[in-house]
Amino acid sequence: MTLPPIAHPPETLEGWYALHQIFRFARQKPNAASLARAVKSAANAVGSPQQPRKAKSSSPPIGWTSFARLIGSTSDLMVIHFRESLDAIGAAQDDLAKTQLGKSVQPVYSFLSVAEAGLYHITAELARTAAARGGKVGDAEYAKALAERVGPERESPQVKRRLYPEIPEKMPYVCFYPMSKRRDASQNWYTLTLDERSRLMQSHGLTGRRYAGKVQQIITGAIGLDAWEWGVTLSLRIHWSSRSS
């Protein structure tokens, strides 16, 4: 019996940790003015509101926190934290819980993950090269070639934006959902070859680029941290129009 080829996972780069928290007001929901004041106070408690938190030295930003009202939901508020470490995520979570806002809400859902960039194209290319020379994925030559490619990739502006996302400007709406790749017997993402997965991801990315400037996408990985494999956070502008006859 011929065994199917090994479906190697893509190499990945990781950036900030992320925590999405969804809350419901424990008692009566405050009016708009009271809510705005509570959110502003809570934002100040967990870091500079709506701006990346910076270390005291000249090091890069170390994260930010954003608040979003939930519309059309049984919950009321979503808070999104990005931080440089799990400990920093825990500190932001604790700081929020101590605020007036934190004491007036009940947790409904949370999602812990880490900003991620999948290196499908590079992994597929290195796997082909390893097979051509009679080697295998993960051997010494593969690891050396990967190290040479990963450094420049991590420093590229596009990848930096994925690993350390900026707060979207003029995109007041946010949509978040967790997801996992399909594992059905007849449709299993993980049985596809690296080349096929790389091709599909490239096609998916080209579709997304059509919405550049209108939608900002943040992908976070949650394998080993949550029941879901990834989280997708979309910041967007919505243009309303009406037509009368």
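This brings us to the layout of surface pockets. Of the volumes computed, that of the second largest pocket is approximately 550 Å³. Listing elements by their share of the lining of the second largest pocket, those giving two or more residues are β3 (61–69), β4 (77–83), β6 (173–179) and β8 (230–236). Looking at the lining of the second largest pocket, the element that brings in the most residues is β3, giving five residues.

Turning to the packing of helix α4 (residues 120–132) against helix α5 (residues 140–155), a few remarks are in order. Relative orientation of the contacting elements α4 and α5 amounts to 155°, with a least axis distance of 11 Å. Put simply, α4 runs roughly antiparallel to α5. The two elements α4 and α5 cross, and the hand of that crossing is right-handed. Taking contact as the criterion, the partners of Ile122, Thr123, Glu125, Leu126 and Ala127 in α4 are, on α5, Tyr142, Ala145, Leu146, Arg149 and Glu153. Here the contact of α4 with α5 is built from residues that sort into six nonpolar, one polar and three charged.

Cut-offs used in this document
- Residues numbered from 1 in each chain as written.
- Predicted model: local features only at pLDDT ≥ 70, side-chain atom pairs only at ≥ 80, totals over all residues.
- Heavy atoms only, no water.
- 1 Å grid on protein atoms, 1.4 Å probe; cavity = no way out; pocket = protein on both sides within 12 Å on 5 of 7 lines; lining within 4 Å.
- Points joined across faces, edges and corners; volume = space filled by probe spheres on them.
- Helix = DSSP H or I, 4+ residues; strand = E, 2+ residues; numbered from the N terminus.
- Axes fitted to C-alpha atoms, helices over the stretch in contact; angles between N-to-C directions.
- Parallel < 35°, antiparallel > 145°, perpendicular 65-115°, else oblique.
- Left-handed = near helix turned anticlockwise from the far one by under 90°.
- Contact = heavy atoms within 4.5 Å.
- Nonpolar A, V, L, I, M, F, W, Y, C, P; charged D, E, K, R; others polar.

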